[in-house]
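# Inside the fold
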Amino acid sequence: MAAVQTSVQNFDVLSSVNEPLVNRYASRRKSVFAETYDPENDDDDDGARAIFPKTDEQRSRLCDSVKNILLFRSLDKEQMNEVLDAMFEKIVKSKDYIIKQGDDGDNFYVIESGIYKAYVGEDQKHIHTYEGRGSFGELALLYNMPRAATIQAETDGQLWAMDRQTFRRILLKSAFRKRKMYEALLDSVPMLKTLQNYERMNLADALIPRTFTQGERIIKQGDVADGMYFIEQGKVSIRIQQDAGEVEVSNLEKGGYFGELALVTHRPRAASAYAVDNVKVAFLDVDAFERLLGPCMNLMKRNIGDYESQLVKIFGSKNNISDIR
């Protein structure tokens, strides 16, 4: 159960974007959905997975509806396909109640169309309106709590729904596996040895998986820095543009990282990065970088001196030192 509680905490901020936060702990009680789920002991091969067949047109619409939902941002392609398979369409009419405050949580909902209003309290105070996009219903499923608000359709509309067992299995297991995988990756990065265990866990939770095909450019020299990258798989070539063309200054493999110095120095990218083969990276955006890597900042600044020495050997100057990795 401890594993579940740890994984659930990762969604607290994400959840607040979607379902309105109320005093969800005030009326804590046991309910029919208070079963435990331990992602560490979940065997992928055990139990049938929910699959609701969809036409290509339905699947395309569903993809458009879920692609910008923060709750799904850490899912890989296989996990996202499982989410799409498990969701079923729900047609609603104006004034239909989708969920009612205090009820047990049964489904998580993604909005495809329609307007929906959220109400709380005995006087049904209106606190939020969803207009044609967004999602709701996840808090009760993540926290094993009664519904925190009532959601009523203001207009006719369409929703995509996922039952609580599938929701918890996919999302909680995804969070658990992602953390374990990225913790192992981060343990191999010397720069991060200065971080405490809890700091590494928070960093692992903030990483976003990205993939690049052979020859694809990952970052471009001269661009504004949006984050840094940790290499999970494959090789990355770091190149600097010179008069005669691009010159490779470094070649990185699994456990390597790049893009950090532009964030430290607040300067544009001074190098480009290319996938030598098919590459999988863990991306850390600039906001998370500033929030989570403060303890490593002095070390990264000291590394600038090492990079200067490398450039002097290659080019005979100290130009372009802001981001050569």
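These figures come from a predicted structure and were not determined experimentally.

### Description of helix α3 (residues 56-66)
- Residues Q58, R61, L62, S65 and V66 constitute the buried set of α3. Summarising the axial view, the buried residues of α3 lie within an arc of 125°, below the 170-degree limit, and thus occupy one face.
- The inward-facing, buried residues of α3 abut α4 (77-86), β1 (88-92), β3 (107-113) and β8 (157-163).

### What about the sheet that holds strand β10 (residues 217-219)?
- If you trace the 4 strands from one edge of the open sheet to the other, you get β10-β15-β12-β13, paired in antiparallel fashion. Both outer strands of the open sheet, β10 and β13 (245-252), are each paired with one neighbouring strand and no more. Each strand of the sheet is rotated relative to its neighbour by a mean of 35°, with strand direction disregarded.
- For β10 and strand β15 (residues 272-275), the ladder comprises 2 bridges, and the chain directions are antiparallel.

### Examining the packing of aromatic side chains
- Enumeration over the complete set of coordinates arrives at 8 aromatic pairs.
- The interplanar angle of 50° and the centroid separation of 6.1 Å between the aromatic rings of Y116 and F136 together place this pair among those described as tilted. Residue Y116 is located in strand β4 (residues 115-120), and its partner F136 is located in strand β6 (residues 135-136); the two are separated by 20 residues in the primary sequence.
- With relative accessibility at 0%, the residue Y116 sits in the buried group.
- Its relative accessible area of 0% is what places F136 among the buried residues.
- A ring pair is formed by Y229 and F283, whose centres lie 5.0 Å apart and whose planes are at 50°; its orientation type is tilted. Taken together, the residues Y229 in strand β11 (residues 227-233) and F283 in strand β16 (residues 279-285) connect sequence positions 54 residues apart.
- A relative accessible area of 3% places F283 in the buried class.
- The ring centre of F283 lies 3.8 Å from the NZ or CZ of R210, which sits over that ring.

### Quick look at unusual backbone geometry
- Phi at K95 takes a positive value of approximately 80°, unusual for a residue other than glycine.
- Mapping K95 onto the fold places it in the loop between β1 and β2 (97-99).
- Phi angles above zero are rare outside glycine, and Q124 is one such case at about 50°.
- Within the secondary structure, Q124 sits in the loop between β4 and β5 (125-131).
- Q124 sits in the partly exposed class, given a relative accessible area of 32%.

### Observations concerning the nonpolar core
- One finds L192, L203, M228, F230, L284 and L293 to be the most contacted residues of the largest nonpolar core, which totals 26 residues.
- When residues of this core are assigned to their parent elements, the largest contribution, 4 residues, is made by helix α8 (residues 260-265).
- Those residues in contact with L284 that lie beyond four places of it in its chain are L203, A206, L207, D226, G227, M228, F230, F289 and L293.
- Of all hydrophobic cores here, the second largest spans 24 residues; its members include V66, V83, V110 and L142.

### Comments concerning the sheet that holds β2
- Spatially, β2-β7-β4-β5 is the arrangement adopted by the 4 strands of the open sheet, whose pairing is antiparallel. Looking along the sheet, the strands with just one partner apiece sit at the ends: β2 and β5. The sheet shows a mean angle of 30° between the axes of neighbouring strands, taken without regard to direction.
- Alignment of β4 against strand β7 (residues 150-153), held across 4 bridges, turns out to be antiparallel. Bridge pairing links A118 to I151 in β7.

### Some remarks on α4
- Those residues of α4 lying buried are Q79, M80, E82, V83, L84 and A86.
- Against α3, β1, β8 and α6 (164-187) lie the buried residues of α4.

### Concerning the packing of α4 against α6
- Between α4 and α6, the least distance of the axes is 10 Å, while the angle of their chain directions is 170°. For the element pair α4 / α6, the angle class is roughly antiparallel. Every residue of α6 that contacts α4 at Q79, E82, V83 and A86 is listed here: T166, R169, I170, S174 and R177.
- Considered class by class, the residues forming the contact of α4 with α6 number 3 nonpolar, 3 polar and 3 charged.

### A word on the pattern of salt bridges
- For the coordinates displayed, the defined rule picks out 10 salt bridges.
- Between D106 and R147 there is a salt bridge, with its nearest N and O atoms 3.1 Å apart. Residue D106 is found in the loop between β2 and β3, and its partner R147 is found in the loop between α5 (138-143) and β7; the two are separated by 41 residues along the sequence.
- A relative accessible area of 3% means that R147 is categorised as buried.
- Residue R200 is joined to D187 by a salt bridge in which the shortest nitrogen-to-oxygen separation is 3.1 Å. With R200 in helix α7 (residues 197-206) and D187 in helix α6, this residue pair connects regions lying 13 residues apart in the sequence.

Rules and cut-offs
- Residues numbered from 1 in each chain as written.
- Predicted model: local features only at pLDDT ≥ 70, side-chain atom pairs only at ≥ 80, totals over all residues.
- Heavy atoms only, no water.
- Buried < 20%, exposed > 50% of the residue type's maximum accessible area, 1.4 Å probe, protein only.
- Helix = DSSP H or I, 4+ residues; strand = E, 2+ residues; numbered from the N terminus.
- Arc of directions from axis to C-beta.
- Contact = heavy atoms within 4.5 Å.
- Pairing = 2+ DSSP bridges.
- Axes fitted to C-alpha atoms, helices over the stretch in contact; angles between N-to-C directions.
- Phe/Tyr/Trp six-rings, centres within 6.5 Å; stacked < 30°, edge-to-face > 60°.
- Lys NZ or Arg CZ within 6 Å of the ring centre and 35° of its normal.
- Core = buried A, V, L, I, M, F, W, Y, C linked by side-chain atoms within 4.5 Å.
- Parallel < 35°, antiparallel > 145°, perpendicular 65-115°, else oblique.
- Nonpolar A, V, L, I, M, F, W, Y, C, P; charged D, E, K, R; others polar.
- Salt bridge = Lys/Arg side-chain N within 4 Å of Asp/Glu carboxyl O.

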